[in-house]
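# Observations on chain architecture
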Amino acid sequence: MIVTNVLLAFRRKKVFALVGESGTGKSFHAKFVAQRYRIELIIDDGLLIRDNRILAGHSAKKENSFLAAVKVALFDEKSHRDDVARRLQNEKF
């Protein structure tokens, strides 16, 4: 299963999370922290990002409702989740 394989790959990885209200600069700070500490990949609002380039996913920020945005950000839809998981499997990090 794709998701299981991705989870196994993360066992030896550190994961950082920025949590806060909408519009407080989490995405901006995530890019700054990633650059400063040489973190190669960012998952932000349903997107997999490397070097300011979107590798997979779609943005929760484009959703029309709060609930739809949360579902995207949490990879609730199987096809979205599998797309990002597949790309993670192919990335060297």
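Residues numbered from 1 in each chain as written. Predicted model: local features only at pLDDT ≥ 70, side-chain atom pairs only at ≥ 80, totals over all residues. Heavy atoms only, no water.

### Re the sheet that holds strand 2 (residues 47–50)
The strands making up a sheet associate through hydrogen bonds between their backbones, and the pairing can be parallel or antiparallel. A sheet is described by the order of its strands in space; here three strands give the open sequence 1-2-3, paired in antiparallel fashion. Either end of the sheet is taken by a strand with one partner, and the two such strands are strand 1 (42–44) and strand 3 (53–57). Mean inter-strand twist for the sheet, computed between neighbouring axes without regard to direction, equals 30°. Packed onto the sheet, helix 4 (residues 78–90) meets strand 2 and strand 3 and runs at close to 130° relative to strand 3. (Pairing = 2+ DSSP bridges. Helix = DSSP H or I, 4+ residues; strand = E, 2+ residues; numbered from the N terminus. Axes fitted to C-alpha atoms, helices over the stretch in contact; angles between N-to-C directions. Contact = heavy atoms within 4.5 Å.)

### As for unusual backbone geometry
Positive phi, normally seen in glycine, also occurs at Arg 38, with a value near 55°. By the element assignment, Arg 38 lies in the loop between helix 2 (26–36) and strand 1. Positive phi is not limited to glycine here, since Asp 51 has a value of about 50°. Following the sequence through the fold, Asp 51 ends up in the loop between strand 2 and strand 3.

### Side note on the pattern of salt bridges
Counting across every chain of the model gives five salt bridges. The partner of Arg 50 in a salt bridge is Glu 40, with the nearest N and O atoms 2.6 Å apart. In this pair, Arg 50 is assigned in strand 2 and Glu 40 in the loop between helix 2 and strand 1, connecting sequence segments ten residues apart. We note a salt bridge from Glu 91 to Arg 50, for which the minimum N-O separation is 2.2 Å. Of this pair, Glu 91 sits in the segment after helix 4 while Arg 50 sits in strand 2, placing them 41 residues apart in sequence. (Salt bridge = Lys/Arg side-chain N within 4 Å of Asp/Glu carboxyl O.)

### Structural notes on the nonpolar core
For soluble globular proteins, nonpolar side chains are generally found buried alongside one another. Membership of the largest hydrophobic core is limited to seven residues, which are Leu 41, Leu 48, Leu 55, Ala 56, Phe 75, Val 84 and Leu 88. Secondary-structure elements contributing two or more residues to this core are strand 3 and helix 4. With residues up to four places along the chain from it excluded, the contact list for Leu 48 reads Leu 41, Ile 42, Ile 43, Arg 53, Ile 54, Leu 55, Ala 56, Val 84, Arg 87 and Leu 88. Core analysis: the second largest hydrophobic core is formed by five residues, Ala 30, Ala 34, Leu 47 and Ile 49 among them. (Core = buried A, V, L, I, M, F, W, Y, C linked by side-chain atoms within 4.5 Å. Buried < 20%, exposed > 50% of the residue type's maximum accessible area, 1.4 Å probe, protein only.)

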